[in-house]
Structures are given as C-alpha cells and as structure tokens.
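Descriptive structure summary
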Amino acid sequence: MTPRILIVRPEPGLSASIAAAREMGLDPIAHPLSQIQPVAWTCPDPVPIDGLLIGSANAIRHGGEGLAGLIDKPVYAVGKATADAARDAGFAVAACGTGGLQNVLDAIPPPARLLRISGAEHVALNVPQDITIDTVIAYKTVELPLGPTSITATQSPLIVLLHSAGTAQHFAVECDRLGLDRADITLAALGPRIAAAAGEGWAAIHTPTRPSDHALLAMVGKLCL
C-alpha cells in the first residue's frame, strides 16, 4: 500500500511544500500544526549594529515596523528562503548559509555586533570571540491540534514531514493524546536535531543529506516507491 504523506508545517511554508511535492508527483495532505504570529518589539539603536542574524524568513515576514530602521544593515541568513525574503523586503544579504545558523555565525569575521531577529523559541548559539549578539523576539509559534484530516490519513501507512523541532515535539504529544501508535508512523525530519525532538518509538525516522525542503521531499518520494 502506498504511504500517505502528511505535511504539518505552518504557512506560508506549508503551501510551498505542498506545491513542490505535487511537482514531484506526490499527493500530500496539508494539516498545519502551528501558525506564526507577530510579537511587538522595539528596534534598538541601529548605529552600533553591524549586521542582522536571521534564522527564519518569519523574522522578515513578521518583523513589522521595527525593520524599517535596520534596512541598511547587511543580513546574514540561515538559508536561501530566508535570504530571498530579506532581499524582497529591501535588505542586502551579506551571507546565505546551508547548514544551520551556527555555521553562518562562525563565518562572520570579527569584531562584529549583530542583532538577531528571532522567534520566541530559537536555537542557542555558541558565540565566537569578539562577536556580540543582541536578540529581539519578532514572532511566536502558536500550536494547533492534530485534527480529523490527519487521523483519517493514518488508516494507511503514513509518512509525516517535520520541518522544526517544536513541531516534532508537538506532533509526538498530539499522537499520544489521540492514542495513535507511533509504530505505525514514519517520520521524515529536515535534520537530526528535529528528528531527536520527536522522541522514539516510530516505525522509522529518516533525514535527508542536506537540510532543504527539496531534499526532504525527494527523500520522501523514494520512500514511497
């Protein structure tokens, strides 16, 4: 029996993943387990800031009026989607990473004072010597329940795509709340940290060789053969 594919990331990434999956010949189910909401924040004095450290396109999408005073600051982006969002908003991108925000930070030449525009939940970073990071919270993730559409999908083998550690943890909690057997569900996680956040007991957990949505979907396509 061909597995069903469930994508649970929030918008607008959800629609992008669904469209990309369909281009690959997959037929996924969309059921977001969270939504992103802006958080009011005050822009600090921009003068001493040398650059912006951005770990998600959500920081740009939900940054609001506070971004206006920082538009002349170079952006150090975690990946292509974040870099594209920054450019669309009028920022110049100084660097675009491929292996996580820590790798981006490690490549920034010191000395530098950076402003990290982040979500309420964010990955801790090891700050290199002579680098200073100030952090502001511009958005938060609000969890949503696992609903009837997703439960119906579990009547056949199910592969669930996980794009963040928070969603992985929440999905595991929701499965337990609904009495779903983890052993019937295969997880496809964007990276090892996300896979670890989901816990144990699943039928299988797979991660792609590169942490990108395209690589994740390509891997899932092979799992469906």
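Residues numbered from 1 in each chain as written. Predicted model: local features only at pLDDT ≥ 70, side-chain atom pairs only at ≥ 80, totals over all residues. Heavy atoms only, no water.

**What about helix H6 (residues 165-177)?**
Applied cut-off: Each helix is a run of DSSP H or I of at least 4 residues and each strand a run of E of at least 2, with the numbering of both proceeding from the N terminus. To estimate how far a helix should extend, the number of its residues minus one is multiplied by 1.5 Å. Here's how the labels work: a residue is buried when its accessible area is under 20% of the maximum for its type, exposed when over 50%, partly exposed in between, all with a 1.4 Å probe on protein chains only. Whether two residues touch is decided by their heavy atoms; if any such pair falls within 4.5 Å, the residues are in contact.
Here H6 contains 13 residues, and its C-alpha end-to-end distance of 18 Å stays within 8% of the 18 Å for a straight helix at 1.5 Å per residue. Buried within H6 are the following residues: Ala-165, Thr-167, Ala-168, His-170, Phe-171, Ala-172, Glu-174 and Cys-175. Considering only its buried residues, H6 is in contact with strand E1 (4-7), strand E3 (34-38), strand E8 (131-143), strand E9 (158-162), strand E10 (185-189) and helix H7 (192-197). Downstream of H6 by one or two residues, Gly-179 has phi in the positive range, about 75°.

**Considerations on the sheet that holds E3**
Whenever strands of a sheet pair, they do so through backbone hydrogen bonds, lying parallel or antiparallel. Applicable threshold: At least two bridges found by DSSP between two strands are what make those strands a pair. Lines fitted to the C-alpha atoms define the axes, with helices restricted to the stretch that makes contact. Angles between their N-to-C directions range from 0 to 180 degrees.
If you walk across this open sheet you meet the 6 strands as E3-E8-E7-E4-E5-E6, and the pairing is mixed. The two strands at the open ends of the sheet, each matched to only one other strand, are E3 and strand E6 (93-96). Strand-to-strand twist in this sheet, taken as the mean axis angle between neighbours without regard to direction, amounts to 25°. The pairing of E3 with E8 spans 5 bridges and is classified as antiparallel. Among the inter-strand pairings, Ile-36 is bridged to a residue of E8, identified as Thr-141. Along the sheet, helix H3 (residues 80-88) contacts strand E4 (51-54), strand E5 (75-77) and E6; its crossing angle with E6, the most-contacted strand, is approximately 170°.

**Some remarks on the packing of aromatic side chains**
Put simply, the rule is: Think of it this way: a Phe, Tyr or Trp ring, Trp meaning its six-membered ring, pairs with another when their centres are within 6.5 Å, and the plane angle makes it stacked under 30 degrees, edge-to-face over 60, tilted otherwise.
For the structure on display, the rule yields 1 aromatic pair. Considering the side-chain rings of Phe-171 and Trp-202, the 5.7 Å spacing of their centres and the 25° angle between planes classify their relative orientation as stacked. Of this pair, Phe-171 sits in helix H6 while Trp-202 sits in the loop between H7 and strand E11 (204-206), and the two are 31 residues apart along the sequence.

**Quick word on the pattern of salt bridges**
The cut-off we apply is this: What makes a salt bridge here is a side-chain nitrogen of Lys or Arg within 4 Å of a carboxyl oxygen of Asp or Glu, nothing more.
Per the counting criterion, the structure on display carries 6 salt bridges. One salt bridge connects Asp-84 with Lys-80, and the closest N-O pair in it is separated by 2.7 Å. Residue Asp-84 and its partner Lys-80 are both found in helix H3; the two are separated by 4 residues, about one turn of the helix. Given the relative accessible area of 60%, Lys-80 is considered exposed. Residue Asp-134 is joined to Arg-113 by a salt bridge in which the shortest nitrogen-to-oxygen separation is 3.0 Å. Of the two residues, Asp-134 is situated in strand E8 and Arg-113 in strand E7 (residues 112-119); the sequence distance between them amounts to 21 residues. With a relative accessible area of 32%, Arg-113 lands in the partly exposed category.

**Some points on the nonpolar core**
Generally speaking, soluble globular proteins have nonpolar side chains that are buried together. How we decide: Here, nonpolar core means buried Ala, Val, Leu, Ile, Met, Phe, Trp, Tyr and Cys residues that are tied together by side-chain atoms lying within 4.5 Å of each other.
One finds Val-160, Leu-161, Leu-162, Phe-171, Ile-185, Leu-187 and Trp-202 to be the most contacted residues of the largest nonpolar core, which totals 37 residues. Listing elements by their share of this core, those giving two or more residues are E1, helix H1 (13-23), E9, H6, E10, H7 and helix H8 (213-223). Once residues within four sequence positions are removed from consideration, Ile-185 is found in contact with Leu-158, Val-160, Phe-171, Cys-175, Trp-202, Ala-203 and Ala-204. Of all hydrophobic cores here, the second largest spans 21 residues; its members include Trp-41, Ala-59, Leu-67 and Ala-85.

**Description of the sheet that holds E9**
With parallel pairing, 5 strands are arranged side by side in an open sheet as E2-E1-E9-E10-E11. Two strands lie at the open edges of the sheet, namely strand E2 (29-30) and E11, each paired on one side alone. Judged from the 4 bridges that link them, E1 and E9 form a sheet pairing that is parallel. Bridging from a neighbouring strand, Ile-7 pairs with Leu-161 of E9. Lying over the sheet, H6 contacts E1, E9 and E10, oriented at roughly 145° with respect to E9.

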